[in-house]
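Geometric and topological summary
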Amino acid sequence: MKRAGKLIVMALLSALVLSGCGSTDENDPYTYRVYYLDGNSEKLVSEEYHIQSEAKDVVSIATELIHALEKNGEQDRLTNPIEPDIEFDELQFNEKQMSVFFTGAYNNKTGLVEVLSRAAIVKTLCQIKDVDKIDFYVEDQPLMVGGENVGQMDETSFVNDLGNQGEPQSRNVKLYFADSTGQKLVPVDTTVTYPAAEKMASLLVDSLIAGPQNLHDVNAKDLIRTVPQESVLNSVTIRDNICYLDFSLEFAELLPNVTSDVTIYSIVDTLCELPNISRVQFTINSGVRERYGETIGFNKALERNLDIIKS
């Protein structure tokens with residue numbers, strides 16, 4: 001049964017009224033930037049939009065912005081990220097988390113267009129005060145892209161400038177590799193280049209798997225890889241600030257010259273540098289293990305370990 005435009009508001013939501021928003025104009029707290037795809041669907045552009053509704057609660061503003069995203073923009077030369085065949089179905093909001101529900105036609109989106117459309121919606125809605133995280137549902141199921149649950153998103157989940165398809169993006173990141181003893185971690189600042197559609201968490205883990213010798217701007221003389229080279233990252237999901245990683249069986253083959261703590265926390269400490277991740281949960285071939293080498297508690301979501309970092 002269709003529920004287009006229906007709003008499900010969590011407990012006490014009606015009492016939540018905004019005192020201000022992520023406005024582009026300090027003198028007009030209800031002016032936002034609405035993001036669209038350019039005419040070639042290759043990058044994001046935005047237009048100023050002023051809230052028309054008299055109701056200024058979170059859900060009313062979000063609903064109006066979503067309807068603005070269903071249109072082509074004032075100049076009528078931009079591509080709306082929510083096409084006519086994709087119906088906005090439902091909205092849920094609770095404790096700074098907003099869930100947006102779409103009909104099954106959303107699954108027709110693929111590739112860079114899907115990423116850009118999702119980024120446009122998230123970047124638009126995250127301007128609303130009290131909205132920190134967005135997640136998508138399609139036909140009441142979490143959005144899956146490439147077989148992976150997309151999970152929660154915010155502005156940091158996307159490249160600031162989602163440029164032309166095939167055009168590489170660059171970002172400064174911090175990776176953690178082992179020192180020469182294999183018992184401590186060394187933070188390494190480097191720049192990574194990647195396609196716009198790639199998840200940052202996946203990119204960082206893949207960089208650890210590749211090892212320090214593959215970084216062009218780092219002196220890797222006294223650094224040791226921390227993750228078995230044959231490891232494959234099967235999936236990455238971020239939800240409630242927890243990053244869920246599933247590795248292939250090769251990840252269980254411990255490195256002879258690196259402690260198990262160093263292997264685990266090189267990944268945890270690296271990913272916890274991202275603003276939307278505070279803990280990391282590991283599985284191997286979808287299986288939970290209580291122990292990884294000498295490290296116990298491998299079946300729990302792990303927080304950053306600062307004690308293992310070399311001073």
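Residues numbered from 1 in each chain as written. Predicted model: local features only at pLDDT ≥ 70, side-chain atom pairs only at ≥ 80, totals over all residues. Heavy atoms only, no water.

Here we look at the environment of Ile308
Quick reminder of the rule: A run of H or I in DSSP becomes a helix once it reaches four residues, and a run of E becomes a strand once it reaches two; helices and strands are each numbered from the N terminus. Relative accessibility thresholds used throughout: buried, under 20% of the residue-type maximum; exposed, over 50%; partly exposed, between the two (1.4 Å probe, protein chains only). The contact rule is simple, with two residues in contact once any of their heavy atoms fall within 4.5 Å.
Looking at the secondary structure, you find Ile308 in the segment after β17 (302-303). By relative accessible area, Ile308 is classed as buried at 8%. Residues within four places of Ile308 in sequence aside, it is in contact with Gln183, Lys184, Leu185, Asp261, Val262, Tyr265 and Asp269.

Thoughts on helix α1 (residues 58-69)
For clarity, the cut-off: Take the residue count of a helix, subtract one, and multiply by 1.5 Å to get its expected span. Whenever a nitrogen or oxygen atom comes within 3.5 Å of another N or O atom, the pair is scored as a polar contact, on the condition that within protein one atom can donate a hydrogen and the other can accept it, and that pairs from neighbouring residues in sequence are kept only if both atoms are in side chains.
With 12 residues, α1 should reach 16 Å at 1.5 Å per residue; the first-to-last C-alpha distance of 16 Å fits that figure. The buried fraction of α1 amounts to 11 of the 12 residues, a majority that puts the element mostly inside the structure. Within the sequence span of α1, burial applies to Val58, Val59, Ser60, Ile61, Ala62, Thr63, Glu64, Leu65, Ile66, Ala68 and Leu69. Capping of α1 at its N-terminal end is provided by Asp57; its side-chain oxygen lies 3.2 Å from the backbone amide nitrogen of Val59.

Overview of unusual backbone geometry
At Glu95, a position not held by glycine, the phi torsion is positive, near 50 degrees. Checked against the element boundaries, Glu95 lands in the loop between β4 (88-94) and β5 (97-102). For Glu95, a relative accessible area of 70% corresponds to the exposed category. Phi is positive for Lys96, which is not a glycine, with a value near 70 degrees. Looking at where Lys96 falls in the secondary structure, it is placed in the loop between β4 and β5.

Regarding the pairing of strand β2 (residues 31-37)
Side-chain positions along a regular strand alternate between the two faces of the sheet. The following threshold applies: Strands qualify as paired when DSSP identifies two bridges or more between them.
Counting buried positions over the seven residues of β2 gives six, a clear majority of the element. Here β2 runs beside strand β3 (residues 44-50); their pairing, made up of seven bridges, is antiparallel. Among the inter-strand pairings, Thr31 is bridged to a residue of β3, identified as His50. Between β2 and β3, which pair antiparallel in sequence order, lie six residues; one of them, Ser41, sits at a positive phi of approximately 55 degrees.

Examining the sheet that holds strand β13 (residues 242-247)
Using the following cut-off: For every element, the axis is a line fit to its C-alpha atoms; helices are fit only across the contacting stretch, and the angle between N-to-C directions ranges from 0 to 180 degrees.
Strand order in this open sheet of four strands is β12-β13-β14-β17, and the pairing throughout is mixed. The sheet terminates laterally at β12 (233-239) and β17, the two strands that pair on one side only. Note that strand β14 (residues 279-284) and β17 share two bridges and pair antiparallel. Within the sheet, the bridge partner assigned to Arg279 lies in β17 and is Glu303. Sitting on the sheet, helix α3 (residues 200-210) touches β12 and β13, and the angle it makes with β12 is about 140 degrees.

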